[in-house]
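Coordinates in review
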Amino acid sequence: MIQYRQLGSSDLKIAPLILGGNVFGWTVDENKSFELLDVFSAGGFNCVDTADSYSRWVPGNKGGESETIIGKWMKRKGNREKIIISAKVGSDMGQGHKDVSKKYILNAVEDSLSRLQTDYIDLYQTHWDNEITPVEETLEAYDILVKQGKVKWIGASNLSPERLTASLAASKERNYPVYQTLQPEYNLYDRENFEKNYRPICEQHKLGVINYYSLASGFLSGKYRSEADLRKSKRGGGIKKYLNERGFRILSALDKVAASHHTSPASVSIAWLIKQPTVAAPIASATNIEQLNALITAATLQLSSEALNQLNESSSW
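If you're wondering where the values come from, they're calculated on a predicted model, not measured in any experiment.

**Some words on the pairing of strand S6 (residues 121–128)**
- By the criterion of burial, S6 is predominantly enclosed, with seven of the eight residues buried.
- Bridging between strand S5 (residues 84–89) and S6 involves four bridges; their strand directions are parallel. In the strand pairing of S6, Ala-87 is matched with Tyr-124.
- With helix H3 (residues 102–116) bridging S5 and its parallel neighbour S6, the resulting β-α-β unit is right-handed.
- Examined bridge by bridge, S6 and strand S7 (residues 151–158) share six bridges and lie parallel to one another. For Trp-128, the partnering residue across the bridge sits in S7 and is Asn-158.
- In this fold, S6 hands off to helix H4 (residues 135–148), which returns the chain to S7; that crossover is right-handed.

Below you can see the structure in the form of structure tokens.
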């Protein structure tokens, strides 16, 4: 049975797995996206992560494709109240730089609301930082949006530890909305940066972690075990860096744990994340139902203490 988790100190309660919308309009077309969203929500899962910049990198796209697909799906299903939308702002949308200025955020949110066909966003996050902008200015924009009812809660993604800490202090000092979540890169392979530099902040301020790259771009699914495997998908190019002694050691541990639990390496990787301190829900994307089912399995997979020790030791930094 799925155990729902509170995001930070907010009133948002989500299943311990978030569906990543980065593939919608990229490697997954609209119809397939609808199918994945149908299966995900039917399983009792309720949070979908997106950003205005998804998927601007695809030739012919301009950004907003993912939000548009999610908006159409919610409209068709009539389920807006049941879905928690985790959206992001601040990426380069063609202006040539990242932007978290007050003016920019107040304009960008309107575009996102329009594409999502909704009048509010449950969790609105600073996607990428631009350190030229004072944290107070960014937070003032969120304060306006929360007061207008267009945003319920706010979160942060790719901020430095210093800017994250400064933001939390500024919110307290000025009575602005407070970041409830952090969306960092975190998985069995990429552990050190988060655990050393961010987890202490999250523990101190009770931030819920909704991490991205939960499967290290697919490497932790076990699909890529040699350079020849990198041609298996459009995302294969980013995986070469994991093909080293430590990476193979982690895959070996995943294989053993998966076999002992009669499941897949992908399910084990996600289940390990769900057990980590401060993690509320990993974000993971899927391009087909088989992949999605492996993710869904992870939400109720109970790893033994022996399995957790195996995984921790193989991936220690």
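What follows picks up the thread again.
**A closer look at the side chain of Arg-199**
- Within the secondary structure layout, Arg-199 lies in helix H6 (residues 192–205).
- One buried charge, Arg-199, has no salt-bridge partner; the nearest side chain with opposite charge is Glu-195, at 4.0 Å.
- Sequence-distant contacts of Arg-199, that is, excluding residues within four places in its chain, are made with Tyr-186, Phe-194, Gln-276, Pro-277 and Thr-278.

**Overview of the packing of helix H2 (residues 65–77) against H3**
- Where H2 meets H3, the axes come as close as 7 Å, and the angle between the chain directions of the two elements is 45°. Overall, the two elements H2 and H3 adopt an arrangement that is oblique. Of the residues in H3, those touching H2 at Glu-67, Thr-68, Ile-70, Gly-71 and Met-74 are Ser-112, Arg-115 and Leu-116.
- Residues belonging to the contact of H2 with H3 are distributed by class as follows: three nonpolar, three polar and two charged.

**Focus: unusual backbone geometry**
- Here the amide bond leading from Tyr-54 into Ser-55 is cis, since omega sits at -5°, within 30 degrees of zero.
- Despite not being glycine, Gln-117 has its phi angle at roughly 55°, a positive value.
- When you line up the elements, Gln-117 lands in the loop between H3 and S6.

**Some points on helix H8 (residues 265–274)**
- Within H8, 10 of the 10 residues are buried, leaving the element largely enclosed by the surrounding structure.
- Within the span of H8, buried status applies to Pro-265, Ala-266, Ser-267, Val-268, Ser-269, Ile-270, Ala-271, Trp-272, Leu-273 and Ile-274.
- The inward-facing, buried residues of H8 abut strand S1 (5–6), H6, helix H7 (245–260), strand S10 (283–284), helix H9 (289–298) and helix H10 (305–314).

**Some points on the packing of aromatic side chains**
- This structure, assessed with the given rule, holds 11 aromatic pairs.
- Taking 5.3 Å as the distance between ring centres and 85° as the angle between the ring planes, the aromatic pair formed by Trp-26 and Trp-57 counts as edge-to-face. With Trp-26 in the loop between strand S3 (18–20) and helix H1 (30–42) and Trp-57 in the loop between strand S4 (47–49) and H2, this residue pair connects regions lying 31 residues apart in the sequence.
- For Trp-26, a relative accessible area of 23% puts it in the partly exposed group.

**With respect to the pattern of salt bridges**
- What the rule picks out here adds up to 12 salt bridges.
- Of the charged contacts, one joins Lys-102 and Glu-140 as a salt bridge, the two residues approaching to 3.1 Å between their closest N and O atoms. In this pair, Lys-102 is assigned in helix H3 and Glu-140 in helix H4, connecting sequence segments 38 residues apart.
- Residues Arg-191 and Glu-195 are paired through a salt bridge, measuring 2.9 Å at the closest nitrogen-oxygen approach.
- Taking the relative accessible area as the measure of exposure, Arg-191 reaches 10% and is therefore buried.

What counts, and at which threshold
Residues numbered from 1 in each chain as written. Predicted model: local features only at pLDDT ≥ 70, side-chain atom pairs only at ≥ 80, totals over all residues. Heavy atoms only, no water. Buried < 20%, exposed > 50% of the residue type's maximum accessible area, 1.4 Å probe, protein only. Helix = DSSP H or I, 4+ residues; strand = E, 2+ residues; numbered from the N terminus. Pairing = 2+ DSSP bridges. Right-handed = clockwise from strand over helix to strand, strands pointing away. Lys, Arg positive; Asp, Glu negative; His and termini not counted. Salt bridge = Lys/Arg side-chain N within 4 Å of Asp/Glu carboxyl O. Contact = heavy atoms within 4.5 Å. Axes fitted to C-alpha atoms, helices over the stretch in contact; angles between N-to-C directions. Parallel < 35°, antiparallel > 145°, perpendicular 65-115°, else oblique. Nonpolar A, V, L, I, M, F, W, Y, C, P; charged D, E, K, R; others polar. Phe/Tyr/Trp six-rings, centres within 6.5 Å; stacked < 30°, edge-to-face > 60°.

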